[in-house]
Amino acid sequence: MVYRIKKNIEFRIIYRKGKSFANDLLVLYILKNRKNRDNKGNQYNKIGISVSKKVGNSVVRSRSKRLVTEGYRIKLDNIKQGYDFVFIARTKIKDKSYEKVDKAIDNLFKKVGLYNNEKINDKSN
(Lines give C-alpha, C1' and ligand atoms only; values in the text may rest on other atoms or scores of the structure.)
Protein backbone atom coordinates (compact mmCIF):
# COMPACT_ATOMS: atom_id res chain seq x y z
CA MET A 1 0.00 0.00 0.00
CA VAL A 2 1.23 3.50 -0.85
CA TYR A 3 0.80 5.91 2.06
CA ARG A 4 0.48 9.56 1.05
CA ILE A 5 1.71 12.87 2.40
CA LYS A 6 -1.18 15.28 1.95
CA LYS A 7 -0.81 18.15 4.40
CA ASN A 8 1.13 21.27 3.51
CA ILE A 9 2.82 21.31 6.94
CA GLU A 10 4.19 17.79 6.34
CA PHE A 11 5.65 18.86 2.98
CA ARG A 12 7.26 21.93 4.58
CA ILE A 13 8.85 19.87 7.39
CA ILE A 14 10.36 17.48 4.85
CA TYR A 15 11.69 20.37 2.73
CA ARG A 16 13.23 22.04 5.79
CA LYS A 17 14.69 19.03 7.63
CA GLY A 18 15.15 16.50 4.84
CA LYS A 19 18.00 15.90 2.43
CA SER A 20 17.64 16.45 -1.28
CA PHE A 21 18.92 14.44 -4.20
CA ALA A 22 18.29 15.29 -7.84
CA ASN A 23 18.61 14.21 -11.44
CA ASP A 24 17.32 15.74 -14.67
CA LEU A 25 13.68 14.59 -14.22
CA LEU A 26 13.09 14.56 -10.46
CA VAL A 27 14.16 16.01 -7.14
CA LEU A 28 13.79 13.73 -4.11
CA TYR A 29 13.56 14.98 -0.54
CA ILE A 30 13.99 12.29 2.08
CA LEU A 31 13.45 12.37 5.83
CA LYS A 32 13.63 9.53 8.34
CA ASN A 33 10.33 9.32 10.22
CA ARG A 34 10.06 6.99 13.21
CA LYS A 35 6.32 7.74 13.54
CA ASN A 36 5.50 5.84 10.34
CA ARG A 37 4.17 2.68 12.00
CA ASP A 38 0.97 0.72 11.49
CA ASN A 39 -1.13 -0.97 14.19
CA LYS A 40 1.21 -4.00 14.28
CA GLY A 41 4.30 -1.82 14.75
CA ASN A 42 5.62 -2.35 11.22
CA GLN A 43 7.33 0.63 9.61
CA TYR A 44 6.15 2.07 6.31
CA ASN A 45 7.10 4.88 3.94
CA LYS A 46 5.00 7.89 2.98
CA ILE A 47 5.22 9.58 -0.39
CA GLY A 48 4.29 13.03 -1.61
CA ILE A 49 4.48 14.23 -5.19
CA SER A 50 4.67 17.85 -6.25
CA VAL A 51 4.26 18.94 -9.86
CA SER A 52 4.38 22.64 -10.68
CA LYS A 53 2.08 24.30 -13.19
CA LYS A 54 5.22 25.07 -15.19
CA VAL A 55 5.32 21.37 -16.16
CA GLY A 56 2.06 21.63 -18.09
CA ASN A 57 -1.70 21.58 -17.88
CA SER A 58 -3.64 19.37 -15.46
CA VAL A 59 -3.57 16.37 -17.81
CA VAL A 60 0.23 16.50 -18.07
CA ARG A 61 0.67 17.06 -14.32
CA SER A 62 -1.64 14.16 -13.45
CA ARG A 63 0.19 11.86 -15.87
CA SER A 64 3.51 12.84 -14.27
CA LYS A 65 2.14 12.02 -10.81
CA ARG A 66 0.82 8.66 -11.99
CA LEU A 67 4.17 7.75 -13.55
CA VAL A 68 6.08 8.62 -10.37
CA THR A 69 3.56 6.81 -8.16
CA GLU A 70 3.71 3.65 -10.26
CA GLY A 71 7.51 3.69 -10.43
CA TYR A 72 7.63 4.02 -6.65
CA ARG A 73 4.92 1.37 -6.05
CA ILE A 74 6.81 -1.25 -8.06
CA LYS A 75 9.98 -0.68 -5.99
CA LEU A 76 8.18 -0.55 -2.64
CA ASP A 77 9.19 -4.05 -1.49
CA ASN A 78 12.90 -3.41 -2.16
CA ILE A 79 13.12 -0.07 -0.33
CA LYS A 80 14.04 0.45 3.32
CA GLN A 81 11.06 1.44 5.45
CA GLY A 82 10.46 4.31 7.87
CA TYR A 83 11.01 7.31 5.56
CA ASP A 84 9.05 10.20 4.11
CA PHE A 85 9.69 10.93 0.43
CA VAL A 86 8.72 13.99 -1.58
CA PHE A 87 9.23 13.80 -5.32
CA ILE A 88 9.28 17.08 -7.21
CA ALA A 89 8.83 16.75 -10.95
CA ARG A 90 11.00 18.95 -13.14
CA THR A 91 9.74 20.39 -16.43
CA LYS A 92 11.68 17.82 -18.48
CA ILE A 93 9.37 15.04 -17.21
CA LYS A 94 6.63 16.33 -19.52
CA ASP A 95 7.12 14.07 -22.58
CA LYS A 96 9.05 11.22 -20.95
CA SER A 97 8.00 7.58 -21.10
CA TYR A 98 7.34 5.42 -18.05
CA GLU A 99 10.68 3.67 -18.56
CA LYS A 100 12.63 6.94 -18.35
CA VAL A 101 10.75 8.10 -15.24
CA ASP A 102 11.26 4.68 -13.64
CA LYS A 103 14.98 4.85 -14.42
CA ALA A 104 15.15 8.33 -12.84
CA ILE A 105 13.46 7.05 -9.64
CA ASP A 106 15.82 4.07 -9.60
CA ASN A 107 18.79 6.40 -10.00
CA LEU A 108 17.70 8.55 -7.03
CA PHE A 109 17.12 5.57 -4.73
CA LYS A 110 20.55 4.18 -5.64
CA LYS A 111 22.12 7.59 -5.03
CA VAL A 112 20.59 7.71 -1.56
CA GLY A 113 21.33 4.03 -0.87
CA LEU A 114 17.77 3.12 0.07
CA TYR A 115 17.58 -0.31 -1.48
CA ASN A 116 17.50 -3.08 1.14
CA ASN A 117 20.87 -4.52 0.15
CA GLU A 118 22.75 -1.17 0.24
CA LYS A 119 23.84 1.00 3.12
CA ILE A 120 22.54 4.53 3.66
CA ASN A 121 24.57 7.40 2.20
CA ASP A 122 24.56 10.29 4.71
CA LYS A 123 26.06 12.95 2.43
CA SER A 124 23.65 15.73 1.57
CA ASN A 125 23.48 17.05 -1.95
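Conventions we followed
Residues numbered from 1 in each chain as written. Predicted model: local features only at pLDDT ≥ 70, side-chain atom pairs only at ≥ 80, totals over all residues. Heavy atoms only, no water. UniProt positions renumbered as here; feature names shortened; annotations may be inferred. Phe/Tyr/Trp six-rings, centres within 6.5 Å; stacked < 30°, edge-to-face > 60°. Helix = DSSP H or I, 4+ residues; strand = E, 2+ residues; numbered from the N terminus. Buried < 20%, exposed > 50% of the residue type's maximum accessible area, 1.4 Å probe, protein only. Lys NZ or Arg CZ within 6 Å of the ring centre and 35° of its normal.

The name given to the chain in an unreviewed UniProt entry is Ribonuclease P protein component, and the organism recorded there is Clostridium vincentii. On record in UniProt, under Subunit (unreviewed entry), the comment for the chain is "Consists of a catalytic RNA component (M1 or rnpB) and a protein subunit."

Quick one: what's the story with the packing of aromatic side chains, residue by residue and with numbers?
With the rule as written, the count across this model stands at nine aromatic pairs. A centroid spacing of 3.9 Å and a plane angle of 25° characterise the contact between Y3 and Y44, whose relative ring orientation is stacked. Taken together, the residues span a long stretch of sequence, with Y3 in strand β1 (residues 3-4) and Y44 in the loop between β3 (26-32) and β4 (46-51) at a distance of 41 residues. Overall, Y44 belongs to the buried group, its relative accessible area being 16%. On the basis of an interplanar angle of 65° and a centroid distance of 5.9 Å, the ring pair of Y72 and F85 is categorised as edge-to-face. Placement of Y72 in helix α2 (residues 58-75) and of F85 in strand β5 (residues 83-89) is noted, with a sequence separation of 13 residues between them. Taken individually, Y72 and F85 each receive the classification buried, so the pair is uniform in this respect. Ring pairs connect the aromatic residues Y72, Y83, F85, F87, F109 and Y115, which therefore count as one cluster. For K32, the ring lying beneath its charged end belongs to Y83, and the centroid distance is 4.7 Å.

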